[in-house]
Amino acid sequence: MGAFIWIPIVIFVIITVLSGVFIVKQQTAVLIETFGRFTSVRHSGIQFKIPFAQRIAARVGLKIQQLDVIIETKTLDDVFVKIKVSVQYVVIREKVYDAFYKLEYPHEQITSYVFDVVRAEVPKMKLDDVFVRKNDIAIAVKSELQEAMLDYGFDIIKTLVTDIDPDAQVKEAMNRINASERQKTAAQFEGDAARILIVEKAKAEAESKRLQGMGIADQRREIARGLEESVEVLNKVGINSQEASALIVVTQHYDTLQSIGEATNTNLILLPNSPQAGSDMLNNMVASFTASNMIGESMKKSQKPKPKE
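Let me begin by describing the structure that accompanies this report.

Conventions adopted
- Residues numbered from 1 in each chain as written.
- Predicted model: local features only at pLDDT ≥ 70, side-chain atom pairs only at ≥ 80, totals over all residues.
- Heavy atoms only, no water.
- Helix = DSSP H or I, 4+ residues; strand = E, 2+ residues; numbered from the N terminus.
- Areas by Shrake-Rupley, 256 points an atom, 1.4 Å probe, with all protein chains shown as cover.
- Salt bridge = Lys/Arg side-chain N within 4 Å of Asp/Glu carboxyl O.
- Buried < 20%, exposed > 50% of the residue type's maximum accessible area, 1.4 Å probe, protein only.
- Expected span 1.5 Å × (residues − 1).
- Arc of directions from axis to C-beta.
- Contact = heavy atoms within 4.5 Å.
- Core = buried A, V, L, I, M, F, W, Y, C linked by side-chain atoms within 4.5 Å.
- Pairing = 2+ DSSP bridges.
- Axes fitted to C-alpha atoms, helices over the stretch in contact; angles between N-to-C directions.
- Polar contact = N/O pair within 3.5 Å; in protein donor to acceptor, adjacent residues only side chain to side chain.
- Patch = residues over 30% accessible without salt bridge, like charges linked within 9 Å, V, L, I, M, F, W, Y side chains within 5 Å.
- Lys, Arg positive; Asp, Glu negative; His and termini not counted.
- Charge placed at Lys NZ, Arg CZ, Asp CG, Glu CD.
- Phe/Tyr/Trp six-rings, centres within 6.5 Å; stacked < 30°, edge-to-face > 60°.

**Observations concerning the overall build of the protein**
Looking only at helices and strands, the protein has 8 helices and 8 strands in total. Total accessible area on the protein stands at roughly 22200 Å², and carbon and sulfur atoms take up 58% of it.

**What about the pattern of salt bridges?**
This model, assessed by the stated rule, comprises 7 salt bridges. For the salt bridge of Lys 74 with Asp 78, the shortest nitrogen-to-oxygen distance reads 3.6 Å. Among the ionic pairs, Arg 133 bridges to Asp 136, the shortest N-O distance being 3.3 Å. Overall, the relative accessible area of 36% leaves Arg 133 in the partly exposed class.

**Looking at helix 5 (residues 134–149)**
Between its first and last C-alpha atoms helix 5 spans 22 Å; for 16 residues at 1.5 Å apiece the expected length is 22 Å, and the two agree. When helix 5 is considered as a whole, its buried residues turn out to be Ile 137, Ala 138, Val 141, Leu 145, Ala 148 and Met 149. Here the buried residues of helix 5 occupy an arc of 105° about the axis, which is enough to place them on one side. Turned more than 90 degrees from where helix 5 packs its buried face, Asn 135, Ile 139 and Glu 147 sit exposed. Close packing links the buried residues of helix 5 with strand 7 (80–91), helix 3 (106–121), helix 4 (127–132) and strand 8 (154–166).

**Remarks on the nonpolar core**
Counting residues in each nonpolar core, the largest one holds 33 residues, and the members touching the most others are Val 85, Val 114 and Val 118. Contributions of two or more residues to this core are made by strand 2 (28–34), strand 5 (54–61), strand 6 (65–74), strand 7, helix 2 (96–101), helix 3, helix 5 and strand 8. The dominant element in this core, judged by the number of residues it contributes, is strand 7, at 6 residues. Excluding its chain neighbours within four sequence positions, the residues that come into contact with Val 114 are Val 69, Ile 71, Val 85, Val 87, Val 141 and Leu 145.

**Regarding the sheet that holds strand 7**
Within a sheet, adjacent strands bond to each other through the backbone by hydrogen bonds, running parallel or antiparallel. Taken in spatial order, the 3 strands of this open sheet run 6-7-8, and their pairing is antiparallel. Each edge of the open sheet is held by one strand with a lone partner, namely strand 6 and strand 8. For this sheet the average axis-to-axis angle between neighbouring strands, irrespective of direction, equals 20°. Pairing of strand 7 with strand 8, which is carried by 11 bridges, proceeds in the antiparallel orientation. Considered in strand 8, the bridge of Tyr 89 is made with Ile 156. Helix 3 rests against strand 6, strand 7 and strand 8 of the sheet, and its axis sits at about 35° to strand 6. Relative to the sheet, helix 5 contacts strand 7 and strand 8, its axis offset from that of strand 8 by approximately 145°.

**Quick look at the environment of Ile 137**
Following the sequence through the fold, Ile 137 ends up in helix 5. In this structure, the C-alpha to C-alpha distance between Ile 137 and Val 122, residues 15 residues apart in sequence, is 7.7 Å. In this view, Ile 137 contacts Val 118, Val 122, Met 125, Val 130 and Val 161; residues no more than four positions away in its chain are not counted.

**A look at the sheet that holds strand 3 (residues 37–42)**
The 3 strands lie next to each other as 3-2-5, forming an open sheet whose pairing is antiparallel. Looking at the sheet topology across the chains shown, the edges are occupied by strand 3 and strand 5. Going from strand to strand, the sheet's axes swing by 25° on average, the running direction of each strand aside. Relative to strand 3, strand 2 runs antiparallel, the two being bridged by 5 bridges. In the sheet register, Thr 34 faces strand 3, and the bridge partner there is Arg 37.

**Topic: the pairing of strand 2**
Among the 7 residues in strand 2, 6 count as buried, and that is most of the element. Turn length for the strand 2-strand 3 hairpin, with the two strands adjacent in sequence and antiparallel, is 2 residues, and the turn residue Phe 35 shows positive phi of about 50°.

**Observations concerning the side chain of Thr 75**
Its location among the elements puts Thr 75 in the loop between strand 6 and strand 7. In terms of polar contacts, Thr 75 uses its side chain to reach the side chain of Asp 77, at 2.5 Å.

**Focus: a negative patch on the surface**
Side chains of Asp 116, Glu 144, Glu 147 and Asp 151 sit close together on the surface and give a patch of like negative charge. Among the structural elements, Asp 151 can be located in the loop between helix 5 and strand 8. Take Asp 151: its relative accessible area is 51%, and that puts it in the exposed class.

**Here's the deal with the packing of aromatic side chains**
Given two aromatic rings, their pairing is described by the distance between the two centres and the angle made by the two planes. Throughout the structure, instances matching the rule amount to 5 aromatic pairs. Summarising the aromatic geometry, the rings of Phe 38 and Tyr 101 are spaced 5.8 Å apart at their centres and angled 70° between planes, so their arrangement reads as edge-to-face. Here Phe 38, found in strand 3, pairs with Tyr 101, found in helix 2; they are 63 residues apart in sequence, far enough to count as distant. Tyr 101 sits in the partly exposed class, given a relative accessible area of 30%. On the numbers, 4.9 Å between centres and 85° between planes, the contact of Phe 100 with Tyr 101 is edge-to-face. Relative accessible area serves as the criterion here: at 33%, Phe 100 is assigned to the partly exposed category. Each member of the aromatic cluster is reached from another via a ring pair, and the members are Phe 38, Tyr 97, Phe 100 and Tyr 101.

Right, here's the structure in full:
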């Protein structure tokens with residue numbers, strides 16, 4: 001009977017001893033209160049407290065935490081926009097007491113400061129400037145939070161503007177403007193390319209005409225040289241220059257007829273095309289040259305100066 005009396009006593013002692021031992025995890029701080037009054041802060045490892053007199057008031061994490069705040073505000077050009085600000089903060093190890101006892105809801109406190117700063121800065125900017133100067137907004141938020149939250153035991157590591165979301169109609173209008181600008185740029189490039197193509201084509205045609213002209217000039221020069229040599233040869237056999245020229249022309253006429261005869265599919269009609277055409281051409285040319293010489297001689301005689309009296 002006496003043994004059964006000691007069993008509850010032993011169990012009570014074991015429970016009492018165990019209630020005085022607790023474990024604190026890494027990157028965690030435990031606040032201890034004695035009869036409701038703050039006593040100490042315990043860090044990672046095995047820790048002891050006075051059973052029934054002391055209690056664990058709170059466990060405070062010392063890891064970096066992130067709070068995402070979404071604010072709707074208006075820009076300088078009267079565009080409503082939603083801005084998402086991510087605040088990364090941590091409880092200062094030496095100020096765990098302030099972080100727990102001075103603020104009831106730290107998240108709400110941080111959110112209020114973010115709202116205040118963003119709604120003070122964004123209305124000073126146009127929508128395009130909000131996108132360009134989002135780092136300025138983040139820096140302003142961090143500066144304000146750092147100064148305010150440091151007294152409460154919180155260190156603001158970084159603030160980031162992670163999203164800027166204008167109204168759907170505004171985004172659609174911006175996309176149309178962007179598409180129009182790109183189409184305008186594309187049209188300008190296409191116009192430049194077409195102009196360059198036209199200029200280069202004109203240059204190529206001009207160069208082709210120049211080379212063609214040089215070729216024709218060289219061809220005519222060689223023809224003239226050949227005619228000159230032919231006339232010299234005919235002069236050597238007693239044929240004068242007029243007759244030689246007429247003979248050469250008639251010879252070229254017959255060469256042309258021969259070339260036409262060799263072509264299979266031709267629509268060329270040579271006029272005159274009678275058998276006497278060559279003979280008539282030769283006679284006409286000789287008569288023309290003779291008449292031309294006579295006219296030239298008479299003009300020379302008429303232009304001789306009269307002797308002085």
